[in-house]
Amino acid sequence: VEAAEMIAEIAHPELCGLFGHHGNRWVRLSELAAFCGREGAAPAFKNVDLAAGTGPAEKDPMVTCVGIADDMPAANAQTATHHPATRHVQLQIERMRANDFVGAFELNSAANRERLGNANSFEAIVKSNPSFSVLAAAEGSIEFLNVDNFSVALQVRNSEKSHGFIFDISESKGGSLATDGVRIAC
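Model, not experiment: these values are computed from the prediction. Chains are numbered independently. Their residues run from 1 in the order of the written sequence. Given that the model is predicted, a residue must reach a pLDDT of at least 70 before its local features are reported, and side-chain atom pairs must reach 80 or more before they are shown or counted; all residues, however, enter totals for whole chains, interfaces and linings. Remark: hydrogens and water are excluded; side-chain values derive from all non-hydrogen atoms of the structure.

## Remarks on the pairing of strand E3 (residues 151-157)
Logical step 1: Accessibility here uses a 1.4 Å probe with only protein chains present; expressed as a share of the type maximum, an area under 20% marks a residue as buried, one over 50% as exposed, and anything in between as partly exposed. Secondary structure elements are taken from DSSP: a helix is a run of H or I of four residues or more, a strand is a run of E of two residues or more, and numbering for both begins at the N terminus. The buried fraction of E3 is high, at five of seven residues.
Logical step 2: One bridge is not enough; two strands pair if DSSP finds at least two bridges between them. For strand E2 (residues 141-148) and E3, the ladder comprises seven bridges, and the chain directions are antiparallel. Each residue of the ladder has a partner; that of Asn146, found in E3, is Ala153.
Logical step 3: The hairpin turn running from E2 into E3, its antiparallel successor, is two residues long, and Asn149 in that turn takes a positive phi close to 55°.
Logical step 4: As paired elements, E3 and strand E4 (residues 162-171) share seven bridges and run antiparallel to each other. Bridge assignment links Ser151 to a residue of E4, and that residue is Asp168.
Logical step 5: Here E3 folds back onto E4 in antiparallel fashion, the turn holding four residues.

## With respect to the pattern of salt bridges
Logical step 1: Salt bridges are defined by distance alone: a side-chain nitrogen of Lys or Arg within 4 Å of a carboxyl oxygen of Asp or Glu. Counted by the stated rule, this structure contains three salt bridges.
Logical step 2: One salt bridge in this structure joins Lys127 and Glu123, with 2.8 Å as the shortest N-O distance. Of this pair, Lys127 and Glu123 both sit in helix H8 (residues 119-128), four residues apart, which is roughly one turn of that helix.
Logical step 3: Classification of Glu123 by relative accessible area gives partly exposed; the value is 22%.
Logical step 4: When the shortest N-O distance is used, the salt bridge between Arg183 and Asp168 registers 2.8 Å. In this pair, Arg183 sits in strand E5 (residues 177-185) while Asp168 sits in strand E4, placing the two residues 15 residues apart along the sequence.
Logical step 5: Exposure remark for Arg183: the relative accessible area of 17% places this residue in the buried category.

## Concerning the packing of aromatic side chains
Logical step 1: When two rings of Phe, Tyr or Trp (its six-membered ring) have centres within 6.5 Å they constitute a pair, described as stacked for plane angles under 30 degrees, edge-to-face for angles over 60, and tilted for the intermediate range. Summed over the entire model, instances satisfying the criterion amount to three aromatic pairs.
Logical step 2: Relative to Phe122, the ring of Phe101 has its centre 6.0 Å away and its plane inclined at 65°; by these criteria the two rings are edge-to-face. Here Phe122 lies in helix H8 and Phe101 lies in helix H6 (residues 101-106), a separation of 21 residues in the sequence. Comparing Phe101 with Phe122 shows no difference in burial state: the two are buried.
Logical step 3: An angle of 25° between the planes, with centres 6.1 Å apart, marks the rings of Phe132 and Phe165 as stacked. A residue pair is termed long-range when its members are at least 10 positions apart, and Phe132 in the loop between H8 and helix H9 (133-136) and Phe165 in strand E4 qualify at 33 residues.
Logical step 4: Put simply, the rings of Phe101, Phe105 and Phe122 touch in pairs and so form one group of aromatic residues.

## With respect to unusual backbone geometry
Logical step 1: One non-glycine residue, Asn99, lies in positive phi territory at about 65°.
Logical step 2: Among the secondary structure elements, Asn99 is positioned in the loop between helix H5 (84-97) and H6.
Logical step 3: For Asn99, a relative accessible area of 49% puts it in the partly exposed group.

## Let's talk about the environment of Gln92
Logical step 1: Looking at the secondary structure, you find Gln92 in helix H5.
Logical step 2: Overall, Gln92 belongs to the buried group, its relative accessible area being 2%.
Logical step 3: Separated by 43 residues in the primary sequence, Gln92 and Leu135 place their C-alpha atoms 9.5 Å from one another.
Logical step 4: The contact criterion used is simple: two residues touch if any of their non-hydrogen atoms lie within 4.5 Å. Setting aside chain neighbours within four positions, we find Gln92 in contact with Ala104, Leu107, Asn108, Phe122, Phe167 and Thr179.
Logical step 5: Among the polar contacts listed, one links the side chain of Gln92 to the backbone oxygen of Ala104, at a separation of 2.9 Å. For this analysis, a polar contact is any N or O atom pair within 3.5 Å, provided that within protein one partner can donate a hydrogen and the other can accept it, and provided that sequence-adjacent residues contribute only side-chain to side-chain pairs.

## Some details on the nonpolar core
Logical step 1: Here, the term nonpolar core denotes a set of buried Ala, Val, Leu, Ile, Met, Phe, Trp, Tyr and Cys residues that are joined through side-chain atoms within 4.5 Å. In this structure, Met96, Leu135, Val152, Leu154, Phe165 and Phe167 are the most contacted members of the largest nonpolar core, which totals 25 residues.
Logical step 2: Taken together, the elements giving at least two residues each to this core come down to H5, H6, H8, H9, E2, E3 and E4.
Logical step 3: It is H5 that provides the largest number of residues to this core, a total of four residues.

Structure representation (structure tokens):
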């Protein structure tokens with residue numbers, strides 16, 4: 001069953017991370033450097049020589065596991081805390097932590113809601129994924145790191161480890177905000 005789940009995650013970018021294998025049992029070549037360089041990563045123990053003329057892999061446009069430092073310039077965390085996009089993300093996380101997945105689901109963009117299905121499937125995805133489940137867990141502390149062009153970088157720390165996320169937020173012409181997607185930071 002796990003092999004089938006991994007194949008589904010690999011073959012269908014919209015399912016990447018859904019079963020919790022991405023970042024645990026496999027990563028894309030374009031993510032390998034960030035994955036190996038993350039805090040707590042086991043050191044490399046086997047040298048692999050690449051074929052002559054083989055350069056680094058092209059960055060995968062569908063990447064869902066990104067390093068926070070790769071996407072976000074350094075900024076003042078205080079500024080991030082007071083940004084409207086950060087307040088939107090705080091509200092969505094508060095609703096998930098209060099088990100109000102209908103309210104949290106409503107804060108997603110129309111395209112994201114369509115992709116996710118409904119509030120029940122959204123809840124199932126969040127709670128069943130080892131990475132996303134920490135967003136809804138009451139015991140994790142949240143640290144907002146940065147906001148760049150309505151992408152909010154944050155870390156959730158629990159007793160086991162720290163989990164990084166980047167929320168991509170859009171702003172409508174009327175000024176309302178919506179979550180377009182959430183990327184797991186390696």
